[in-house]
Amino acid sequence: MGDTVTFIGFGEAGRALATGWPGDAPHAFDIKTADAATRSAQRAIYHQAGVIGHESVATAPSGAATIFCLVTADQALNAAEDCAPHLQPGALWLDMNSVAPDTKRMAAKVIEAAGGRYVDVAVMAPVYPAMRAVPLLVSGPHADEASQLLACCDFSNVRMAGAKIGRASAIKMVRSVLVKGLEALTTECVLAADAAGIRDEVLASLDASWRETRWAERADYNLDRMIVHGLRRAAEMEEVVKTLDALGTGSAMARATAERQRDIGNRHLRSPKGLEAKIDAILSNRKDQAA
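This one's a predicted model, so the numbers in the text were calculated from it and none came from an experiment. (Residues numbered from 1 in each chain as written. Predicted model: local features only at pLDDT ≥ 70, side-chain atom pairs only at ≥ 80, totals over all residues. Heavy atoms only, no water.)

Here we come to the overall build of the chain. When helices and strands are counted, the chain shows ten helices and eight strands. The C-alpha radius of gyration of the chain comes to 20 Å, within 12% of the 19 Å expected for a compact globule of 291 residues. If you line up the chain on its principal axes, its C-alpha atoms span 65 × 45 × 35 Å. Counting every position in the chain, which comprises 291 residues, the buried fraction comes to 45%. Taking the intrachain contacts of the chain between residues at least 6 apart in sequence as the baseline, contacts between residues at least 24 apart amount to 66%. When the accessible surface of the chain is summed, it comes to about 13,800 Å², and 54% of that surface belongs to carbon and sulfur atoms. (Helix = DSSP H or I, 4+ residues; strand = E, 2+ residues; numbered from the N terminus. Rg over C-alpha atoms; globule rule 2.2 N^0.38 Å. Buried < 20%, exposed > 50% of the residue type's maximum accessible area, 1.4 Å probe, protein only. Contact = heavy atoms within 4.5 Å. Areas by Shrake-Rupley, 256 points an atom, 1.4 Å probe, with all protein chains shown as cover.)

What the rule picks out here adds up to seven aromatic pairs. A ring pair is formed by F7 and F10, whose centres lie 6.1 Å apart and whose planes are at 70°; its orientation type is edge-to-face. Here the two residues F7 and F10 agree in accessibility, since each one is buried. A connected cluster of aromatic rings, assembled from ring pairs, spans F7, F10, W21, Y46, F68 and F155. Just above the ring of W215 sits the side chain of R218; from NZ or CZ to the centre is 5.0 Å. (Phe/Tyr/Trp six-rings, centres within 6.5 Å; stacked < 30°, edge-to-face > 60°. Lys NZ or Arg CZ within 6 Å of the ring centre and 35° of its normal.)

Within the largest apolar cluster, 28 residues are counted, with the highest numbers of intra-cluster contacts made by F7, L17, F68, M96, L136 and F155. Mapped by element, the contributors of at least two residues to this core are β1 (5-8), α1 (12-18), β5 (92-95), β6 (117-123), β7 (136-139) and α5 (143-152). The element that contributes the greatest number of residues to this core is α1, accounting for four residues. In this view, L136 contacts M96, V121, A122, V123, L150, F155, N157, V158 and R159; residues no more than four positions away in its chain are not counted. Residues A60, A64, A107 and A108 belong to the second largest nonpolar core, which totals 16 residues. (Core = buried A, V, L, I, M, F, W, Y, C linked by side-chain atoms within 4.5 Å.)

Right, here's the structure in full:
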């Protein structure tokens, strides 16, 4: 088995991590290549990123020593199941998807049964603009070797989270309760404030209480994240719900956050510049849907 690196899932995160890859060009497969309607566009993305694109999930992992799995949360287990029959013995499967610990443990069983070595990797911040400097948490029985490999691939911010699969993802999932929840709460707050004609007053009041960042800037950023990535974040929050339910601590806020993220994401809006324009886009779209 050689040193070939393959990306399974080649969306925003995959492209960011593969950019300027040290050494030989990595391989990549994205499910969009399997769809005639999106195949040409995906081929162009492969070419632009300088990777060797595959059109079949059967050929992409074959011969790869290291596989980065970066699909959407709802496809993480499916990706493991689809790729497992084609893995080389001993291949490292770096599961970087934002899913619950139980989901990762199920995927690990699939990969390990096929002779691969599964690693739980949690991506702890947006991949842009950090790229391979994005903070990563790594856990599982093969975490030491995975950390060394990541360092060789120019990942510069990797920390060990433990020897158990699911520990890294548990940290990510529980953290998301607050991070994604604040986004959802911010949206409810600024939409209601705007509807009541008191947006400036509410934001000024928040500025007085939270001086580190102006709340207009924070609200603008949070709305942008939901408009651009609402569906992906909703899928992650569903995994957060699974995590909290497994812990038995309650998941009411996480469930509500998933609903709010999905509501915004399903509008398929373009994110305009500025908080006021974002609020107008969301409210105008709601009126259009009600008409």
